[in-house]
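# Structural overview for review
Spelled out, the chains give:
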Amino acid sequence: ISNMMKLVALAALMGSAAAFAPAQTGKATTALNAFESELGAQPPLGFFDPLGLLDDADQERFDRLRYVEIKHGRIAQLAFLGNIITRAGVHLPG
């Protein structure tokens, strides 16, 4: 009986050790490699397009979406700054 318990304990230890072994994963690839060299594509993700907005896009569409994203980011920054200034008690006359 003690040999059987030792065998069960050894099997349990081997199973728990396997849980901490690093998983064997392959390198993730993207279906779209057209924009991999653009500014902002960096490892480990490379070009990140989770919604697939550029699946069938050309360079013109990419440039347009990048321009719009920058524009919206700047507007959001100005809106945040306006909120902070208003909360600080600065109000424009009128």
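Structure first, text after, so check above.
So, a few notes on the structure that sits alongside this text.

Cut-offs and rules
Residues numbered from 1 in each chain as written. Predicted model: local features only at pLDDT ≥ 70, side-chain atom pairs only at ≥ 80, totals over all residues. Heavy atoms only, no water. Patch = residues over 30% accessible without salt bridge, like charges linked within 9 Å, V, L, I, M, F, W, Y side chains within 5 Å. Areas by Shrake-Rupley, 256 points an atom, 1.4 Å probe, with all protein chains shown as cover. Salt bridge = Lys/Arg side-chain N within 4 Å of Asp/Glu carboxyl O. Helix = DSSP H or I, 4+ residues; strand = E, 2+ residues; numbered from the N terminus. Buried < 20%, exposed > 50% of the residue type's maximum accessible area, 1.4 Å probe, protein only. 1 Å grid on protein atoms, 1.4 Å probe; cavity = no way out; pocket = protein on both sides within 12 Å on 5 of 7 lines; lining within 4 Å. Points joined across faces, edges and corners; volume = space filled by probe spheres on them. Nonpolar A, V, L, I, M, F, W, Y, C, P; charged D, E, K, R; others polar. Phe/Tyr/Trp six-rings, centres within 6.5 Å; stacked < 30°, edge-to-face > 60°.

Turning next to a nonpolar patch on the surface. A contiguous nonpolar patch, built from Met4, Leu7, Val8, Leu10 and Met14 and spanning about 540 Å² of accessible area, is present on the exposed surface. One can find Leu10 in helix 1 (residues 2-19). Overall, Leu10 belongs to the partly exposed group, its relative accessible area being 47%.

What the largest pocket holds in volume is close to 520 Å³. Along the wall of the largest pocket there are 20 residues; nearest its centre are Phe47, Phe48, Phe62, Arg66 and Glu69. For the lining of the largest pocket, a count of residues per class yields 13 nonpolar, 3 polar and 4 charged.

This next bit is on the environment of Ser37. Relative to the elements of secondary structure, Ser37 occurs in the loop between helix 1 and helix 2 (59-87). Here Ser37 falls in the exposed class, since its relative accessible area comes to 69%. Through-space distance from the C-alpha of Ser37 to that of Phe47 is 8.1 Å; in sequence the pair is 10 residues apart.

As a further point, take the packing of aromatic side chains. Tallied over the entire structure, the rule returns 3 aromatic pairs. Consider the rings of Phe35 and Phe47, whose centres lie 5.6 Å apart with planes at 50°: the pair is tilted. With Phe35 in the loop between helix 1 and helix 2 and Phe47 in the loop between helix 1 and helix 2, the pair connects residues that are 12 residues apart, well separated along the chain. Residue Phe35 shares its accessibility class with Phe47, and that shared class is buried. Aromatic pair Phe47 and Phe62: ring centres 6.0 Å apart, planes at 50°, arrangement tilted. Of this pair, Phe47 sits in the loop between helix 1 and helix 2 while Phe62 is found in helix 2, placing the two residues 15 residues apart along the sequence. Each member of the pair, Phe47 together with Phe62, is buried. Ring-pair connections join several aromatic residues into one group, and the members of that group are Phe35, Phe47 and Phe62.

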